[in-house]
Amino acid sequence: MSENQFEQPESPQNNEPETTPVPPRPLTPPAAQQESEPVSKVDGAVDPTQAFPRHSSVGPQNTQLPAEPAEQTMSATPPTGTPYASAPNAYQQPAAHAPYGTPTPQEHASAFGVPSPIAPAKRTAPKKFTSGVLILGMVAAALVGGASAVATTAIMNPAASSTNNSGNGPQNGVVINNPKNVTAVTAAAAKASPSVVTIDVSGSGQAGSGSGIILDDQGHILTNTHVVTLGGATASPKIAVQTSDGKVYDATLVGTDPLSDLAIIKIEAQGLTPATLGTSGDLNVGDTAIAIGAPLGLSGTVTDGIISTMNRTISVASSAAPQQNDGTSQDDNGNQFNFQFPGAPQQQPQQSASQGSIYINVIQTDAAINHGNSGGALVDVNGNIIGVNVAIASSGSSASSSGDSGSIGVGFAIPIDYAKRIANDIITNGSATHGMLGVTVSAKAASVKDGNSSFSVGAQIQSVEPKSAGEAAGLAKGDIITGVGDRAISDSSSLTAAIREVPAGGKIVVHFTRNGTSQSVDVTVGKSTAS
């Protein structure tokens, strides 16, 4: 059966066997404008074969072919000497052009498989999908896929798209040898690594290293105070910075903020890649976390893990931190872990008396953080900076042994939401401010039978300073502070960290219990004297 047979208009009511007589048909197709719509049955007809489209007989008749009686069935043996001789029962189905008149012998021969002595006229066939088209489409898809892989590499590491094309030049930053198999961690690291630098510091007979994050194209770099002051050992450091492309620059100190352990340095350079800062307030526990920095001086090191918890409060001793009391007493020391600044020179025992402590709410992660990671980036799966690596936990409480400690899967980073505020203050004003509540508190122990639990359930006010923010808000001795904003307060350290995150003059909501009744009050904090 040929392709032309599929173009045959079907008759919905023609259910007769193939030997059903075919009625006479017009010999000449009507004009286009005279064609009428097919009908199911001619009025008054009893023969179901009358269900063909109706046409009027116009034009001269073809006298070369014998006429067919209306009731005559087709002979099994066609007339000899005609093109129909080798096509028995050729009239069992009407040809494609049958509705428009009697087809020519050539048309019948073409339709029913008999070669025609006259070449048929060319006509435009409908488009069909073939294996050739599909193969071509797959090749095109492969080409598009290859282009996508190249584009992805260029987005993740713009420098690599021009450097790696040569195939001979050295690769800086995150090396991607197989763009087709990059992971989410690879892509995130490739995006963030050009914005992370290695910092070398010397002064007062000491030296150390750390990491930093490029904030803008003016050369401002965010890092830790303990990195640029060598843990408070020097106030006039000599600082050098190496960017991810291997170039080295001299840096100047813009300002430090010991209470948050953040600092800003600046280099004069062209073509810097500022980091994309994320939002730490949107993080979930279990999110992917990627640490980028220079542990042990090994620049460009990438490690990954997850966000272990949020709003973890730690206290870290530092000679750079002032000792002045800002209105909250801390009497709940005794951690079984030693929280320390990785890479900061260890102080001698006689210097420990002059050390202050900082209290910060941090992101805890199990991404490996070691000495030299301080000031580097904690990155989310999209390559956005979500924290500034600041400290690690080491087992034991001896400061003398902490110099040899390394990652035990408990690292900490300052949330980028807090770091943004401090960085902007330092760049704009040279320093940052911190809030003060003006109360002295201690940890409120949880009530248990034997009374020896180490758990605490809030910060209990021991005294309120006159003319302080706490007094203005109506806080009183004996009140137990349980929250600041949406952050739970479990002891005096977490209260100090929460209040210091607020700039001087900022407004907060303090939640507390008084005589067993929960209350809340709006507070406008003062300025910390330790700032």
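Residues numbered from 1 in each chain as written. Predicted model: local features only at pLDDT ≥ 70, side-chain atom pairs only at ≥ 80, totals over all residues. Heavy atoms only, no water.

**Considering the sheet that holds strand β3 (residues 220-224)**
Note the cut-off: Two strands qualify as a pair provided DSSP detects at least 2 bridges between them. A run of DSSP states H or I qualifies as a helix once it reaches four residues; a run of E qualifies as a strand once it reaches two. Both are numbered from the N-terminal end. Geometry is summarised by axes, namely lines fitted to C-alpha atoms with helices restricted to the contacting stretch, and by angles between N-to-C directions that run from 0 to 180 degrees. In this analysis, two residues are considered to be in contact whenever any of their non-hydrogen atoms come within 4.5 Å of each other.
With respect to topology, six strands assemble into a closed barrel ordered β1-β2-β3-β6-β5-β4, the strand pairing being antiparallel. Adjacent strand axes in the sheet meet at a mean angle of 40° when their direction is disregarded. The sheet contacts of helix α6 (residues 416-429) involve β3, β5 (248-257) and β6 (262-267), and relative to β6 the element is tilted by about 55°.

**Observations regarding the environment of isoleucine 214**
Looking at the element boundaries, isoleucine 214 is found in strand β2 (residues 206-214). Considered as a pair, isoleucine 214 and serine 195 are 19 residues apart in the sequence and their alpha carbons are 5.1 Å apart. Apart from residues lying up to four places away in sequence, isoleucine 214 is in contact with Pro194, Ser195, Val197, His220, Ile221, Leu272, Thr273, Pro274 and Ala275.

**A short note on the pairing of β5**
Regular strands place their side chains on alternate faces of the sheet. As defined by bridge partners, strand β4 (residues 238-242) adjoins β5 across four bridges and the pair is classed as antiparallel. By the bridge assignment for β5, isoleucine 239 is matched with alanine 251. Bridging between β5 and β6 involves six bridges; their strand directions are antiparallel. When the sheet's bridge partners are listed, glycine 255 is paired in β6 with isoleucine 264. Between the antiparallel neighbours β5 and β6 lie four residues, among them aspartate 261 with a positive phi of about 60°.

**Observations regarding the confidence of the model for the protein chain**
To be explicit about the condition: Here pLDDT means the predictor's own confidence in every residue, given as a number from 0 to 100.
In this model, the protein chain carries a mean pLDDT of 74, and residues with pLDDT of at least 70 account for 58%. Across residues 107-114 the pLDDT falls below 50, and counting only partners more than four positions away or on other chains, this stretch makes 17 contacts in the model.

**Quick look at the nonpolar core**
Counted only if it meets this: Nonpolar cores are built from buried Ala, Val, Leu, Ile, Met, Phe, Trp, Tyr and Cys residues. Side-chain atoms within 4.5 Å join them into one set. To sort residues, take the accessible area from a 1.4 Å probe on protein chains only and compare it with the maximum for the residue type: under 20% means buried, over 50% means exposed, and anything in between is partly exposed.
With 36 residues, the main nonpolar core has Leu222, Val379, Ile385, Val388 and Ile414 as its most contacted residues. Examining the composition of this core, we find that six residues originate from one element, α6, more than from any other. Leaving out residues up to four positions away in the same chain, valine 388 has contacts with Ile213, Leu222, Asn224, Leu262, Gly375, Gly376, Phe412, Ala413, Ile414, Ile416 and Ala419. In terms of nonpolar packing, the next biggest core, distinct from the first, is built from 21 residues, Ala459, Val484, Leu495 and Ile508 among them.

**Considering unusual backbone geometry**
For leucine 230, which is not glycine, the phi torsion reads 50° and is therefore positive. Positionally, leucine 230 belongs in the loop between α5 (225-228) and β4. Residue class for leucine 230 comes out buried when judged on its relative accessible area of 2%. Residue asparagine 515 is not a glycine yet carries a positive backbone phi of 55°. Among the secondary structure elements, asparagine 515 is positioned in the loop between β19 (507-514) and β20 (517-524).

**Things to note about the pattern of salt bridges**
Our working definition: A side-chain nitrogen of Lys or Arg and a carboxyl oxygen of Asp or Glu constitute a salt bridge if their distance falls within 4 Å.
Applying the stated criterion across every chain, the model contains four salt bridges. We note a salt bridge from aspartate 479 to arginine 514, for which the minimum N-O separation is 2.7 Å. In this pair, aspartate 479 is assigned in the loop between α7 (469-473) and β17 (480-484) and arginine 514 in strand β19, connecting sequence segments 35 residues apart. The partner of arginine 487 in a salt bridge is glutamate 501, with the nearest N and O atoms 3.0 Å apart. In this pair, arginine 487 is assigned in strand β18 (residues 487-488) and glutamate 501 in helix α8 (residues 492-501), connecting sequence segments 14 residues apart. Of the two residues, arginine 487 and glutamate 501, neither departs from the other in class, the shared state being buried.

**Remarks on the environment of threonine 273**
Summarising the element assignment, threonine 273 is placed in the loop between β6 and β7 (288-293). According to the relative accessible area criterion, threonine 273 is partly exposed, its value standing at 35%. When the C-alpha positions of threonine 273 and serine 193 are compared, they lie 9.3 Å apart, and in sequence the two are 80 residues distant. Among residues more than four places away in sequence, those in contact with threonine 273 are Pro194, Ser195 and Ile214.

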